[in-house]
Amino acid sequence: MPISPQDPALLANLAQLERKVLWLATWMVHNANHLREKADGLKVGGHQASSASLATIMTALYFHVLRPQDRVAVKPHASPIFHAIQYLFGRQNLERLQNFRGYKGAQSYPSRTKDIPEVDFSTGSVGMGVAQTLFSSLAQDYVKAHGWAQDWPEGRMIALLGDAEMDEGNIHEALLEGWKHGLRNTWWIIDYNRQSLDAVIREGLYARFEALFGAFGWDVVVLKYGSLLEAAFKEPGGESLRAWIDQCPNQLYSALTFQGGAAWRKRLLDDIGDQGAVTALIERRSDAELARLMTNLAGHDLPSLLDAFGRIDHDRPVVFIAYTIKGFGLPLAGHKDNHAGLLTPPQVEGFRDAMQVPPGEEWSKYAGLDAAPADIEAFLEAVPFRQSIEQRRRQAARIPVPAALPLPRQPEMSTQQAFGLIINELGRSDAALAERIVTTSPDVTVSTNLGAWVNRRGLFAKQAMADLFKKERIPSTFTWDFSPRGQHMELGIAEMNLFTMLSALGLSHSTFGERLLPIGTLYDPFICRGLDALNYACYQDARFIVVATPSGLALAPEGGAHQSIATPLIGMAQDGLATFEPAYADELAVILRFAFDYLQRDGDGEPDEHSWLRDETGGSVYLRLSTRSIEQPSRTMDEELARGIIDGAYWLRPPGPNTEIVVAYSGVMAPEAIEAVGMMAEDRRDVALLAVTSADRLNAGWSAAQRARERGLLHARSHIERLFATLPRHCGIVSVQDGHPAGLGWLGAVAGHRQRALGVEHFGQTGTIQDLFRHYGLDAQAIIAAAAALNPGRPMRYLKAVV
Ligand SMILES: Cc1ncc(C[n+]2csc(CCOP(=O)(O)OP(=O)(O)O)c2C)c(N)n1
Ligand SMILES: [Mg+2]
């Protein structure tokens, strides 16, 4: 890319746009603050100063450096600058700017799903967007190596991040993983304003950043002094000035920036005034010029930025440590309390005058600019970022999903085992579905039963690498061959990385126009370790399947540190994620088939009139599986059963007109529930047994149907309401789940039945499954005792006396 930092016309245009962008962003925040304060007394924090510090860098990027194929994660608080830039491009409308942070207005933090398509990656939870760019670059390599997206040029994945954002551990986890995979095409631009939310950051941090990135093979570019300062250093006495700045503590620098020209002069003359060259250098400048010079850091200097970006002529990852000033150009520049700072109305007026924007023309795209509107428009038209802008969100065709997946048949099996068998069977196929599956796992590939699939499809690496054990003919169950055609992305033990990888792979259809069907496996309890990244992936509407196994107390001898309790509730509460907890292999086959299709849906948000779920919008899927081997039913899968499994529940033993007890179970509690129902049958009438395959979907459908009725759609009935429609009023429900009881604890409220919810409320421990189910009150005896208490009647003959 020919960059001509010396090109005066280019620089003049960019300088104009930088001013405009800074003004619009400032006005947007001021306006939002005014509106919000009127509405509910809430002030807008965090945007004014934090946004200003990136104004120059984002001007250089969006108006000159970015290419249509590049993808960017913008630091959350730079949202106003981002929206202002898109407004100038004609891609963001005025109403949304005027309603920044308001209902349906431009979002406080750039959002892929709630803002315009120019938001490539959402940000908000600091650190997440940064890692997303790294994994997106790995996803791009994966797509290209498989021979896809050949007509789409490789893009750079760019993150604009705050210096304090670097404290987030997930960034460091990502760095390590990126190094292992030979990361390319990734730029991270650190807004080194030496301020966080609370304070001024530690001295000398940039040197740690330099060493850190250097250690991982990144090109490190430190952008410290702007062109004015560089020129001043060449004047007589300039070297003393450079030495003074280099030693100036961050706090003092910030304070002087805030105080302005006179303060700079006094301090500099006190410290290095020599009545000779240095004094002359200082005295040659007015207060305003001196302030301009002393704050001319490279991050606010267009020629330096254009030069630095233009010099990158390789695809290795690059970190730019760009010195900036938080609040640059605004009266609160440099003040340590400025993160939540806002300009007062007189300050805004003063700033508007300085920007030469007449009152009433605050939202104008051209007011205050030297160039004629037609010239600015012509410049904007030609900006590379704006070319083929409609392709920013790419599309990919759906991969056909067969009517049924292979069904493993064994008399006894665990859901984890069944998962391994189904995936392995799919691996034999050369159908598009098998080609597009990409698996990934944080060092638990084999222990989550993906081993056979990996043997078959291989691991992904840009360079082929054979399994040495195999070459040396040492017997091993697993072949660990790497190649560019491999379909498993091996990860180190970092669950944050797993979910960020899924987020990147799961957006491939939109980022690169190539559909992937990502499946990530991990141990269920460690979902919590990556939870924010999972939430982030869902918020971005990435599409993937999480297979979490083993789970719950059923992991018996592994003990309390590995037994998950809260995950069923996470699955229910996580938006964008449909959670299933099947008991049997045939259920899992139906669910997985559904998942491959569900992943690819992109319809409108209208609820389905049968389940009342918004199924056409699609989403990601979480499967909570187990290593507990249980006896499999011999049955044929018919359409009704399959539908029930997908909608969330079906009767294993339907209720009768006199049903007194319903036992509802999820997942591995099937044997205990079946046993209890059998034992109660002699003493209670028509004991019914409900298999719950997805408490999440069942519950969501119930809420949606209630909402629909409240809106006048009186016929709306959810799946669970239909299942419970004939239950006699007096019957009791005992639910049982290997997880927190609240997961199923709402069933009684559906049609007004008394309920006892059994589950796990305290940390687990080691033991046999039977020991633990007895101890935590999940075994058949506990179910019977709960039923007897709910529905006193005749004594239950199989209920042992409690000793
Ligand atoms: C995970 C997370 N924790 C906390 C916050 C609240 N927060 C927002 S910005 C910020 C400080 C940012 O400092 P820095 O990254 O240096 O940004 P800048 O100085 O450019 O505003 C904090 C703590 C957040 N958004 N996300
Ligand atoms: Mg900062």
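Quick caveat: nothing in here was measured; it's all calculated off a predicted structure.

A.B. asks: Just to check I follow, could you spell out the coordination of the magnesium ion (ligand 2) for this structure?
C.D. replies: Each angle at a metal carrying four tetrahedral donors should ideally be 109.5 degrees, and each at a metal carrying six octahedral donors should ideally be 90 or 180 degrees. The protein atoms that coordinate the magnesium ion (ligand 2) are Asp 163 (OD), Asn 193 (OD1) and Gln 195 (O), at distances spanning 1.9 to 2.1 Å. The sequence pattern formed by the donor residues of the magnesium ion (ligand 2) is D-x29-N-x1-Q. Placement of Asp 163 in the loop between β2 (157-162) and α7 (169-180) and of Asn 193 in the loop between β3 (186-192) and α8 (205-215) is noted, with a sequence separation of 30 residues between them. Given the relative accessible area of 1%, Asp 163 is considered buried. Classification of Asn 193 as buried rests on a relative accessible area of 5%.

A.B. asks: Help me understand the site of ligand 1 in this model?
C.D. replies: Near ligand 1, the surroundings consist of 18 residues, among which Ser 50, Lys 75, Asp 163, Ala 164 and Gln 195 are the closest. Within the side chain of Ser 50, one N or O atom sits 2.6 Å away from an oxygen atom of ligand 1. Contact distances for ligand 1 include 2.9 Å between an oxygen atom and a side-chain N or O atom of Lys 326. Its residues assigned to classes, the shell around ligand 1 shows three nonpolar, nine polar and six charged.

A.B. asks: Where do I start with helix α11 (residues 250-259) in this structure?
C.D. replies: Side chains three or four residues apart in an α-helix point the same way, a direct result of the helix having 3.6 residues per turn. For α11, the complete set of buried residues consists of Asn 250, Tyr 253, Ser 254, Leu 256 and Thr 257. One side of α11 carries all its buried residues, which in axial view fall inside an arc of 165 degrees. Structurally, α11 contributes buried residues whose contacts are with α10 (238-247), α12 (261-272) and α14 (287-294).

A.B. asks: Looking at this model, I keep getting lost on the packing of aromatic side chains. Mind explaining?
C.D. replies: The geometry of an aromatic ring pair is captured by the separation of the ring centres together with the interplanar angle, meaning the angle of the planes. In the structure shown here, the tally under the stated rule is 26 aromatic pairs. Residues Phe 213 and Trp 218 carry aromatic rings whose centres are separated by 5.1 Å and whose planes lie at 65 degrees to one another, so their mutual orientation is edge-to-face. Take Phe 213 and Trp 218: they sit in the same class, and that class is buried. Each member of the aromatic cluster is reached from another via a ring pair, and the members are Tyr 62, Phe 63, Phe 82, Phe 89 and Phe 385. The positively charged end of Arg 394 is found above the aromatic ring belonging to Trp 152, 3.8 Å away from the centroid.

A.B. asks: Would you take a moment to explain the environment of Glu 377 for this structure?
C.D. replies: Considering the arrangement of structural elements, one finds Glu 377 in helix α17 (residues 373-382). C-alpha separation for the pair Glu 377 and Trp 264, spaced 113 residues apart in sequence, amounts to 39 Å. With residues near it in sequence (within four places) discarded, Glu 377 still touches Tyr 366 and Arg 386. Polar side-chain contacts of Glu 377 include one of 2.5 Å to the side chain of Tyr 366.

A.B. asks: Quick question: what am I supposed to make of the side chain of Ser 666 here?
C.D. replies: Structurally, Ser 666 is set in strand β17 (residues 661-666). Look past the residues within four positions of Ser 666 in its chain and what remains in contact with it is Glu 581, Val 692, Val 736, Gln 737 and Leu 744.

A.B. asks: Sorry if this is basic, but what is going on with the sheet that holds strand β19 (residues 732-736) here?
C.D. replies: Paired through their backbone hydrogen bonds, the strands of a sheet run either parallel or antiparallel. Read from one edge to the other, the open sheet built from five strands follows the order β16-β18-β17-β19-β20, with strand pairing classed as mixed. Two strands bound the open sheet, and with one partner strand each, they are β16 (649-653) and β20 (754-758). Strand-to-strand, the axes of this sheet are offset by a mean angle of 20 degrees, without reference to chain direction.

A.B. asks: What am I meant to see in the packing of α11 against α12 here?
C.D. replies: To characterise two packed helices, one gives the angle between the axes of the helices and the distance between these axes. Axis separation between α11 and α12 bottoms out at 6 Å; the angle between their running directions is 135 degrees. For the element pair α11 / α12, the angle class is oblique. Each of Leu 252, Tyr 253, Leu 256, Thr 257 and Gln 259 in α11 lies in contact with α12, whose residues at this interface are Gly 261, Ala 263, Trp 264 and Arg 267. A breakdown of the residues in the contact of α11 with α12 according to their chemical character gives five nonpolar, three polar and one charged.

A.B. asks: Explain the pattern of salt bridges here, please?
C.D. replies: With the rule as written, the count across this model stands at 43 salt bridges. A salt bridge links Asp 597 to Arg 398; its shortest N-O distance comes to 3.6 Å. Within this pair, whereas Asp 597 is found in helix α26 (residues 585-598), its partner Arg 398 is found in the loop between α17 and β6 (412-413), the two being separated by 199 residues in sequence. Note on Arg 398: relative accessible area 45%, which makes it partly exposed.

A.B. asks: Please explain a nonpolar patch on the surface as it appears in this structure.
C.D. replies: On the surface, a nonpolar cluster with roughly 300 Å² of combined accessible area is contributed by Leu 468, Phe 469 and Ile 474. In this fold, Phe 469 is placed in helix α21 (residues 468-471).

A.B. asks: Help me out: how do you make sense of the nonpolar core in this one?
C.D. replies: Nonpolar side chains in soluble globular proteins generally cluster together in the buried interior. Trp 188 and Leu 241 are the most contacted members of the largest nonpolar core, which totals 83 residues. The element best represented in this core is helix α6 (residues 128-145), accounting for nine residues. For Trp 188, the contacting residues outside a window of four places in its chain are Val 130, Thr 133, Leu 134, Ala 159, Leu 161, Ile 171, Leu 175, Phe 213, Trp 218, Val 318, Val 319 and Phe 320. Among the nonpolar cores identified, the runner-up in size contains 81 residues, and Ala 556, Ala 583, Ala 585 and Val 677 belong to it.

A.B. asks: Help me out: how do you make sense of the packing of α6 against helix α22 (residues 495-505) in this one?
C.D. replies: At their nearest, the axes of α6 and α22 sit 8 Å apart, and the two run at 60 degrees to each other. The orientation of α6 with respect to α22, classified from their angle, is oblique. Seen along the crossing, α6 lies across α22 with a hand that is right-handed. Residues Met 128, Ala 131, Gln 132, Phe 135, Ser 136, Leu 138 and Ala 139 of α6 pack against Met 496, Asn 497, Thr 500, Met 501, Ser 503, Ala 504 and Leu 505 of α22.

A.B. asks: For this particular structure, what's the right way to read the sheet that holds β3?
C.D. replies: Taken in spatial order, the five strands line up as β1-β2-β3-β5-β4 in an open sheet, and their pairing is parallel. Edge positions in the sheet fall to β1 (71-74) and β4 (219-223), since each has one partner strand and no second. Across the sheet, the mean angle from the axis of one strand to that of its neighbour is 15 degrees, orientation sign disregarded. Judged from the four bridges that link them, β1 and β2 form a sheet pairing that is parallel. Counterpart to Arg 71 in the pairing with β2 is Met 157. Across the face of the sheet, α8 comes into contact with β3, β4 and β5 (318-323) while running at roughly 170 degrees to β3.

A.B. asks: Is there a simple way to explain the pairing of strand β14 (residues 620-624) in this structure?
C.D. replies: Remember that side chains alternate between the two faces of the sheet whenever the strand is regular. For β14, the tally of buried residues reaches five of five residues, placing the bulk of the element in the interior. The pairing of strand β12 (residues 545-548) with β14 spans four bridges and is parallel. When the sheet's bridge partners are listed, Val 546 is paired in β14 with Tyr 622. Taken together, strand β13 (residues 577-580), α26 and β14 form a β-α-β motif whose crossover is right-handed.

A.B. asks: Looking at this structure, how should I read unusual backbone geometry?
C.D. replies: What is expected of a backbone is that most residues other than glycine have negative phi and most peptide bonds are trans. Residue Pro 550 follows Thr 549 across a cis peptide bond; omega there is -5 degrees. Here Pro 550 is to be found in the loop between β12 and α25 (567-573). Of note in this structure, Gln 356 is not a glycine but carries a positive phi near 60 degrees. By secondary structure assignment, the location of Gln 356 is in the loop between α16 (345-354) and α17. Unlike most non-glycine residues, Asp 541 shows phi in positive territory, near 65 degrees. In this fold, Asp 541 is placed in the loop between α24 (531-539) and β12.

Conventions we followed
- Residues numbered from 1 in each chain as written.
- Chains lettered and ligands numbered in written order.
- Predicted model: local features only at pLDDT ≥ 70, side-chain atom pairs only at ≥ 80, totals over all residues.
- Heavy atoms only, no water.
- Donors = N, O, S within 2.8 Å, 3.2 Å for Na, K, Ca; no water.
- Helix = DSSP H or I, 4+ residues; strand = E, 2+ residues; numbered from the N terminus.
- Buried < 20%, exposed > 50% of the residue type's maximum accessible area, 1.4 Å probe, protein only.
- Near = heavy atom within 4 Å.
- Polar contact = N/O pair within 3.5 Å; in protein donor to acceptor, adjacent residues only side chain to side chain.
- Nonpolar A, V, L, I, M, F, W, Y, C, P; charged D, E, K, R; others polar.
- Arc of directions from axis to C-beta.
- Contact = heavy atoms within 4.5 Å.
- Phe/Tyr/Trp six-rings, centres within 6.5 Å; stacked < 30°, edge-to-face > 60°.
- Lys NZ or Arg CZ within 6 Å of the ring centre and 35° of its normal.
- Pairing = 2+ DSSP bridges.
- Axes fitted to C-alpha atoms, helices over the stretch in contact; angles between N-to-C directions.
- Parallel < 35°, antiparallel > 145°, perpendicular 65-115°, else oblique.
- Salt bridge = Lys/Arg side-chain N within 4 Å of Asp/Glu carboxyl O.
- Patch = residues over 30% accessible without salt bridge, like charges linked within 9 Å, V, L, I, M, F, W, Y side chains within 5 Å.
- Areas by Shrake-Rupley, 256 points an atom, 1.4 Å probe, with all protein chains shown as cover.
- Core = buried A, V, L, I, M, F, W, Y, C linked by side-chain atoms within 4.5 Å.
- Left-handed = near helix turned anticlockwise from the far one by under 90°.
- Right-handed = clockwise from strand over helix to strand, strands pointing away.

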